[in-house]
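# Analysis of the macromolecular model
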Amino acid sequence: MSGEVLKFSLPYIQQECKMMLRCRPQQLKMNCNSTKFSIIDINGMLSFFDMADQEGSPDGTHLPTERKEVWSIVWSTDNPSLCALMEKNRLFVLRDFEPEEPVLSAGYLCDFTDLEVKSVLLDDILKDPEEIKNIQDMFVDFEAKSLRDTRDLLTTVSLKDAVDFVEKNPHKRLWKLVTEASLDKLNFTIGERAFVKNEDYYGVQLIEKLQNIKEKVKQKAEIACYFKRYDEAEQIFKDIDRKDLALDLRMRLGDWARVVQLIEQGAGNDQMLKKVYKNLGDYSAERQKW
């Protein structure tokens with residue numbers, strides 16, 4: 001009620017400092033690296049407090065940025081400068097307090113991860129909960145502008161230009177998109193760079209493995225496997241008349257029902273079929289599918 005925020009250190013519960021707000025807060029939320037928190041006051045006015053800003057006050061500064069009629073806010077779980085908020089029936093994503101294009105929404109914000117805001121249509125659920133067939137239909141995802149822009153750039157301009165854009169707006173999710181696009185184009189140099197940016201050691205190992213495979217068709221099948229597009233990988237192996245590789249893929253995945261189908265199509269022998277049936281039995285027994 002006094003607008004005073006107290007900061008304590010754990011585990012000793014020692015008071016470190018007091019921070020005076022210029023309003024009476026109703027809701028406080030911290031960003032992912034604990035440098036800033038948002039304040040929604042009793043009048044629905046949103047403002048921010050920067051605890052890392054030592055210029056205005058040694059304990060931080062209540063920033064001048066304000067937005068009216070805000071009733072919900074959620075910080076990004078992986079980027080301290082991103083947050084999403086609901087202003088009446090409009091959803092805004094703020095990057096360093098600068099708003100992107102608003103989106104009309106009736107959802108309640110519940111998560112902001114990987115540049116995607118997840119909201120839930122609580123009003124629709126409460127209106128008629130018994131009639132909801134699939135709860136997933138009640139969740140709505142919104143993508144941040146940088147995610148949409150990167151997708152567009154990867155399909156409309158050169159890979160290099162898209163990489164330049166991601167360099168200026170770095171995020172793990174964007175580098176993943178670059179990885180996928182560069183591998184689909186068999187551009188291993190950019191692919192490796194994107195894996196390194198995401199500190200993905202297994203990805204760098206994949207690049208080494210791909211460079212040792214001489215046939216481009218096999219490289220494409222290996223890439224499809226990496227992105228869990230297993231049906232596509234199987235079809236690639238079938239197209240080059242390598243049913244043995246398709247069989248090996250399904251065995252590595254433990255998809256024994258599909259292995260049986262491939263053997264019946266002439267990909268293996270009776271001895272292998274016997275072994276596969278035993279694995280299929282074990283797989284079913286583990287899941288109590290007698």
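In short, a report on the structure. (Residues numbered from 1 in each chain as written. Predicted model: local features only at pLDDT ≥ 70, side-chain atom pairs only at ≥ 80, totals over all residues. Heavy atoms only, no water.)

### Some remarks on helix α7 (residues 216-226)
Threshold: Three labels apply to residues, based on accessible area from a 1.4 Å probe with only protein chains included: buried if under 20% of the type maximum, exposed if over 50%, partly exposed otherwise in between. In this description a helix means any DSSP run of H or I spanning at least four residues, a strand means any run of E spanning at least two, and both kinds are numbered starting from the N terminus. We call two residues contacting when some pair of their heavy atoms lies within 4.5 Å.
Among the residues making up α7, those that are buried are Gln 219, Ala 221, Glu 222, Ile 223, Ala 224 and Cys 225. On its buried side, α7 packs onto α4 (172-184), α5 (188-197), α6 (201-211), α8 (230-239) and α9 (243-253). Lys 228 occupies a position one or two residues after α7 and carries a positive phi of about 60°.

### With respect to the pairing of strand β13 (residues 116-120)
Under the convention used in this document: The criterion for strand pairing is that DSSP finds at least two bridges linking the strands in question.
Where strand β12 (residues 108-113) and β13 come together, five bridges link them in antiparallel fashion. In the sheet register, Asp 111 faces β13, and the bridge partner there is Lys 118. Two successive antiparallel strands, β12 and β13, enclose a turn made up of two residues, where Asp 114 displays a positive phi of approximately 55°.

### Regarding the pattern of salt bridges
Once their charged atoms are close, side chains differing in charge can pair, the charge on each being opposite to the other. Inclusion rule: One side-chain nitrogen of Lys or Arg within 4 Å of one carboxyl oxygen of Asp or Glu is enough to make a salt bridge.
Across all of its chains, the model carries 24 salt bridges by this definition. Among the ionic pairs, Lys 218 bridges to Glu 215, the shortest N-O distance being 3.5 Å. Judged by its relative accessible area of 23%, Lys 218 is partly exposed. Taken together, the shared-partner salt bridges in this structure form one network comprising Asp 231, Glu 234, Lys 238, Arg 250 and Arg 258.

### A short note on the packing of aromatic side chains
Note the following rule: By convention, a stacked pair of Phe, Tyr or Trp rings (six-membered ring in the case of Trp) has centres within 6.5 Å and planes under 30 degrees apart, an edge-to-face pair has planes over 60 apart, and any other such pair is tilted. For a Lys NZ or an Arg CZ to count as sitting over a ring, it must be within 6 Å of the ring centre and within 35 degrees of the ring normal.
The final tally for this structure, using the stated rule, is seven aromatic pairs. Geometrically, the ring pair formed by Phe 48 and Trp 75 is edge-to-face, given 5.8 Å between the ring centres and 80° between the ring planes. Of this pair, Phe 48 sits in strand β5 (residues 46-50) while Trp 75 sits in strand β7 (residues 70-75), placing them 27 residues apart in sequence. Accessibility classification places Phe 48 together with Trp 75 in one group, the buried group. Joined through ring pairs, the aromatic side chains of Phe 48, Trp 75 and Phe 97 make up one cluster. A cation over an aromatic ring shows up here: Arg 67 above the ring of Phe 92, its NZ or CZ 4.6 Å from the ring centre. Taking the ring centre of Phe 139 as reference, the NZ or CZ of Lys 118 above it sits at 5.3 Å.

### Overview of the nonpolar core
Quick reminder of the rule: For this analysis, a nonpolar core means a set of buried residues of the types Ala, Val, Leu, Ile, Met, Phe, Trp, Tyr and Cys, connected via side-chain atoms within 4.5 Å.
Counting residues in each nonpolar core, the largest one holds 25 residues, and the members touching the most others are Ala 84, Leu 91, Val 93, Leu 109, Phe 112, Val 117 and Val 178. Listed by contribution, the elements that provide at least two residues to this core are β8 (82-87), β9 (90-95), β12, α2 (145-156), α3 (159-168), α4 and α5. Of all the elements, α4 adds the most residues to this core, at five residues. Not counting residues within four places of it along the chain, the set of residues in contact with Val 117 comprises Ala 84, Leu 91, Val 93, Leu 109, Asp 111, Phe 112, Val 140, Asp 141 and Phe 142.

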